[in-house]
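# Residue-level structure breakdown
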Amino acid sequence: TKTGIIMNEVVKREINDSGVMTVTLNRPESLNSLNYELVSSVIKAFEEATSNDQVRAVILTGEGRGFCSGADLSGGGWPTEPEWSTGEISAKNMEFFLNPMIQKIVNCPKPVVSAINGIAAGGGVGLALSGDILIASKSAKFKLVFGKQLGIISDVGASWFVPKLISRARANALALLGEDLPSAQAEEWGLIWKTYEDNSLMEEAMRIALQISDSAIEGLKACVHAHDHATNASLTEQLEYETKTQRVLCDEPAFKEGVVAFLEKRKPNFRNLK
């Protein structure tokens with residue numbers, strides 16, 4: 001059942017009774033390309049997910065046959081001044097809109113499931129990979145169009161996520177050749193978690209999100225941040241990070257409930273902890 005659905009032109013937001021918020025990119029006619037309105041709306045949606053205590057997990061997906069085709073090259077309605085060069089406009093778009101969008105998703109205190117329902121191209125790759133658990137439809141594919149087609153680097157986080165997830169060698173070939181990476185190959189290489197049949201993708205995304213919503217979500221998100229920290233840390237630094245993080249989390253109500261539930265041989269109840 002649905003307790004609240006907020007519709008606007010370009011992003012749909014829906015929260016169910018279990019606290020799963022579904023955020024749907026809704027410009028299907030342009031394969032959900034990134035324009036000013038869409039990016040601003042995604043930022044607002046994740047600000048709501050962050051501040052709304054009812055929300056315990058988020059699903060990010062796209063309406064129609066694609067997830068996101070990247071920047072809207074037909075204009076996009078971005079704020080601009082007549083004297084700005086194309087490079088200046090791009091840099092300001094990134095600084096004030098695209099980069100904050102990725103940061104909002106990555107730093108959202110509620111775990112995020114990306115349900116990639118078709119093509120993710122250009123900036124759409126970075127957007128797709130910004131979630132915490134990444135699943136895709138069998139028909140989905142990833143395409144780094146920046147270098148080959150436009151003579152620019154991968155952005156919206158793609159230049160960070162792709163080599164971290166699948167190696168420098170594979171990232172280089174994808175960027176330099178601009179070839180499609182089918183979702184099955186993406187799964188095999190470790191770019192995403194799993195692929196599902198097209199018609200069951202959202203059902204699987206909801207199953208995963210419901211499982212998350214019953215969990216200790218602060219601890220789950222801390223796991224993700226620990227993995228991100230580890231990609232640039234030595235073992236000694238990571239062990240220190242673990243110690244510092246557990247020092248905080250082991251004093252939280254979730255840990256106490258988990259221990260008591262384990263001793264009482266029951267499932268922990270992480271909702272409404274005091």
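Our subject is the structure that appears above.
Residues numbered from 1 in each chain as written. Predicted model: local features only at pLDDT ≥ 70, side-chain atom pairs only at ≥ 80, totals over all residues. Heavy atoms only, no water.

### A closer look at the overall build of the protein chain
As a reminder, the rule being used: For helices the rule is a DSSP run of H or I covering at least 4 residues; for strands it is a run of E covering at least 2, with both sets numbered from the N terminus onward. As defined in this context, the radius of gyration uses C-alpha atoms, and a globule is described by 2.2 Å times the residue total to the power 0.38. Each residue is assigned to one of three classes by its accessible area relative to the maximum for its type, calculated with a 1.4 Å probe on protein chains only: buried under 20%, partly exposed between the two thresholds, exposed over 50%. Throughout, a contact is declared for two residues whenever any of their heavy atoms are within 4.5 Å. Positive charges are assigned to Lys and Arg, negative charges to Asp and Glu, while His and the chain termini are left out of the count. The atoms used to mark charge sites are NZ of Lys, CZ of Arg, CG of Asp and CD of Glu.
What the protein chain contains, in helices and strands, is 11 helices and 11 strands. Against the compact-globule benchmark of 19 Å for 274 residues, the protein chain has a radius of gyration of 19 Å, which places it among compact chains. In the protein chain, buried positions account for 45% of the 274 residues. Expressed as a percentage of contacts within the protein chain between residues at least 6 apart in sequence, the contacts between residues at least 24 apart total 69%. The distance from the centre of the 28 positive side-chain charges to the centre of the 34 negative ones in the protein chain is 4 Å.

### Concerning the sheet that holds strand E7 (residues 119-121)
The line we're drawing: Here a strand pair is declared whenever DSSP counts at least two bridges between the two strands.
Ordered by their spatial adjacency, 4 strands build an open sheet running E5-E7-E9-E10, and the pairing between neighbours is mixed. In this open sheet, the two strands that pair with only one neighbour each are strand E5 (66-68) and strand E10 (181-182). As paired strands, strand E9 (residues 141-143) and E10 are joined by 2 bridges and run antiparallel to one another. Residue pairing for E10: Phe 142 is matched across the bridge by Leu 181.

### Quick look at the packing of helix H5 (residues 158-166) against helix H6 (residues 168-177)
Quick reminder of the rule: Inter-axis angles, ranging from 0 to 180 degrees, are taken between N-to-C directions of lines fitted to C-alpha atoms, where helices are fitted over the stretch in contact. An angle counts as roughly parallel when it lies under 35 degrees, as roughly antiparallel when it exceeds 145, as roughly perpendicular when it falls between 65 and 115, and as oblique in every other case. Under the grouping applied here, Gly and all other residues not named as nonpolar or charged are polar, the nonpolar ones being Ala, Val, Leu, Ile, Met, Phe, Trp, Tyr, Cys and Pro and the charged ones Asp, Glu, Lys and Arg.
Viewed as axis vectors pointing N to C, H5 and H6 meet at an angle of 130°, and their least axial separation amounts to 6 Å. Relative to H6, H5 is oriented oblique. Where H5 abuts H6, its residues Val 162, Pro 163 and Ile 166 lie against Arg 168, Arg 170, Ala 171 and Leu 174. Looking at the contact of H5 with H6 residue by residue, the classes come out as 5 nonpolar, no polar and 2 charged.

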